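Spelled out, the chains give:
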Amino acid sequence: MTIDWDTVRADFPILRREIDGAPIVYLDSGNTSQKPRQVIEAMDDFLRTSYAPINRSAYRLAGEATDRFESARASVARFVNAPSADEIVFTKNATEALNLVAASWGGANLGPGDAVVLTHLEHHANIVPWQMLAAKQGFELRWVPLTTDGQLDLTDLDRLLTGAKAFAFTAMSNVLGTIPPVTHLVSAAHDAGAVAIVDACQFTPHNVTDVQAWDADFVAFSSHKMCGPSGVGALWGRMELLDAMPPYIGGGNMIADVRLDGFTTAPVPAKFEAGTPPIVEVIGFGAAVEYLESIGMAAVRQHEIELTRYAIDTLGERYGDDITIQGPDNVEVRGGVLSFKFRDIHPHDISQVLDQHNVCVRAGHHCAKPLMRVLGVNATARASLYLYNDRSDIDALADALDGASDIFGF
Amino acid sequence: MPGLEDLYREIILDHYRSPRNRGELPVPPARHAEGHNPLCGDEITIYLSVDDDVVSDVKVAGQGCSISQSSASMMSAAVKGKTVPEVRSLVKKFKGMMSIDTGDDPPSIDVPLGDLEALQGVVKFPVRIKCATLAWNTLLEALDAPIPSDT
Ligand SMILES: Cc1ncc(COP(=O)(O)O)c(C=O)c1O
């Protein structure tokens, strides 16, 4: 099936908005993605016709809301090929999913003499929860370094994993686009007796995700980066692990019984879903994965590979040595996340000039300060692509960069 | 949208290209403070020598965008030789120009902004106000830093 990408683009109402008489060129999807009308309409329809509490009331409207909520869970499970919908825990976002794993699984399993292995590519969301726990429970953090082109340097992996209890790593870097060999890393972790925790927050929006093929233990992702609303994310985990873990946040919905002298927990996933969840957002999340499924993630990935190649080639031809795109050059092992240096102009100034042309890119440390230090910079400018982008967006970026040269005197 | 010429005035670009008072001072006797802009990762360190309540020397280290660097450079030139109360008044006046609420009282001493007025255009680009004020907030921290002792 060939996809008409113009039709896909037309699904996103915001891309028709103009600022100062010109359309928006949205190249910040690595930050958060735009939403198709299918998601907006699903949330709107739910609010108009079916909104009610879930899991709490006996009347039919509440039953219907609960069914739709659980059907969204089933859609999300199918999207990442989880063996069971009960293994999908809804969280606030990927950050909360990773904190849940660290606090609950890590809290129960890590102590002095233990080690957790992370990589230099990680987002703060997959660093700080481990540092917080390490400060409390006194285990060691070890780091997988990078090669010069921004891939994981796996030379010493076996040594780093020796005696480690967990290996937590990103499936796609939000700064360099690097896509590490997840299946290989999971099996290395398992060989060493460690659990494998995958931060798929950047990967899942852009690729076919198959948690069973990865053979991973925990996988975290966020709705807002994959065409769904903000406010909800998911943790997939193996049932036997989730089942054995202590609860994370306490309150309503997560209990089987509460007495004056204690409580018992509800079964997974309710055990980890205390309080009223983001009901409408979960409905939107379900609609988002159904939307992406209707296009096909293999097709999305192919579209982005071609666009990434086009971007690297176009910017390289136009600006030669004046532009450096960080991360792997091979588009098979990277996603459409393009951090670049341009003529020594500070990323903040680049983004300011690009904004004048409605080109939206992120300038900053991308919540990956340890990686910034490895790269020897404070910040980068980053253009990130998604299924609704096309070559015209890349051309607009290339044209707008000229403006930066004008001001800063090259 | 306001034009970029409001933001990138020639004098700002001049301070960005040739920043004044770059470097470090030995601590002690100087005092220093570090500032971070969490938005963009910029880092700045301000070193101050204060003798008899007069800022006798100031140095700026760190990296940042054109606005944060030029603001730091102009700040360093403006505060050198001023008394501490004058410097505090200048900080207040500058932050006022950046439309930051500095309380009802006007600065106690009226210090002219001079070249710093070139940064006025930043107000039209609210995202950049933090860039322009980074050096100034760090300066306040350096002023309030404990006076180092040699022992
Ligand atoms: C690789 C990676 N991990 C985790 C996160 C955190 O996602 P969220 O802010 O949705 O929790 C992000 C978001 O930028 C990310 O890029």
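From a predicted model like this one, the values you see are computed outputs, not experimental measurements. (Residues numbered from 1 in each chain as written. Chains lettered and ligands numbered in written order. Predicted model: local features only at pLDDT ≥ 70, side-chain atom pairs only at ≥ 80, totals over all residues. Heavy atoms only, no water.)

Take the side chain of A:His365 next. Of note, A:His365 is situated in the loop between β16 (362–364) and α13 (369–375). The contacts of A:His365, once residues within four sequence positions are left out, are A:His124, A:Met372, A:Asn378, B:Pro38, B:Cys40 and B:Gly41. (Helix = DSSP H or I, 4+ residues; strand = E, 2+ residues; numbered from the N terminus. Contact = heavy atoms within 4.5 Å.)

What follows is about the pattern of salt bridges. Tallied over the full model, the rule gives 29 salt bridges over all chains. The closest approach of N and O atoms between A:Arg48 and A:Asp44, which form a salt bridge, is 2.6 Å. Of this pair, A:Arg48 and A:Asp44 both sit in helix α2 (residues 37–49), 4 residues apart, which is roughly one turn of that helix. By relative accessible area, A:Arg48 is classed as exposed at 66%. A:Asp44 sits in the partly exposed class, given a relative accessible area of 33%. B:Asp57 is the partner of B:Lys80 in a salt bridge, and the nearest nitrogen-oxygen pair spans 3.4 Å. Here the residue B:Lys80 occupies a position in the loop between α3 (66–79) and α4 (84–97), and B:Asp57 occupies one in strand β3 (residues 54–63), the gap between them amounting to 23 residues. Here the salt bridges share partners, and the residues they tie into one network are A:Arg9, A:Asp390 and A:Asp393. (Salt bridge = Lys/Arg side-chain N within 4 Å of Asp/Glu carboxyl O. Buried < 20%, exposed > 50% of the residue type's maximum accessible area, 1.4 Å probe, protein only.)

What follows is about the domain arrangement of chain A. Residue and element names in this part refer to chain A. Taken domain by domain, chain A consists of domain 1 (5–30 + 296–407) and domain 2 (41–294). The centre of domain 1, based on its C-alpha atoms, is set 28 Å off from the matching centre of domain 2. Interface of domain 1 and domain 2: buried area, both sides summed, is about 2500 Å²; carbon and sulfur atoms make up 61% of it. Of all residues in domain 1, the largest losses of buried area upon contact with domain 2 belong to Met 297, Leu 371 and Tyr 386, amounting jointly to 24% of the total for that side. Applying the counting rule to domain 1 against domain 2 returns 0 salt bridges. If you list the elements that add at least two residues to the side of domain 1 that touches domain 2, you get α11 (297–319), β14 (337–342) and α13. When residues in the side of domain 1 that touches domain 2 are grouped by element, the largest group, 6 residues, is from α13. When grouped by side-chain class, the residues that make up the side of domain 1 that touches domain 2 number 18 nonpolar, 9 polar and 6 charged. (Domains from an automatic or database assignment. Buried area = accessible area lost by both parts, 1.4 Å probe. Nonpolar A, V, L, I, M, F, W, Y, C, P; charged D, E, K, R; others polar.)

Residues and elements named next belong to chain B. Sheet architecture is open: 3 strands sit in the order β1-β2-β3, paired in antiparallel fashion. Looking at which strands have only one partner, the edges of the open sheet turn out to be β1 (31–37) and β3. Sheet twist, expressed as the average angle between the axes of neighbouring strands with direction ignored, equals 20 degrees. Two elements, β1 and strand β2 (residues 42–51), share 7 bridges in a ladder whose sense is antiparallel. (Pairing = 2+ DSSP bridges. Axes fitted to C-alpha atoms, helices over the stretch in contact; angles between N-to-C directions.)

Another aspect to go through is the nonpolar core. With 80 residues, the main nonpolar core has A:Val198 and A:Leu387 as its most contacted residues. Among the elements that take part in this core, helix α10 (residues 279–295) of chain A stands out by supplying 11 residues, more than any other. Structurally, this core is a two-domain feature, drawing no fewer than three residues from each of domain 1 (5–30 + 296–407) and domain 2 (41–294) of chain A. Not counting chain neighbours up to four residues away, the residues in contact with A:Val198 comprise A:Phe169, A:Ala171, A:Val182, A:Val186, A:Trp214, A:Ala216, A:Phe218, A:Val219 and A:Ala220. One finds A:Ile325, B:Leu48, B:Val58 and B:Val122 within the second-largest nonpolar core, a separate group that totals 73 residues. (Core = buried A, V, L, I, M, F, W, Y, C linked by side-chain atoms within 4.5 Å.)

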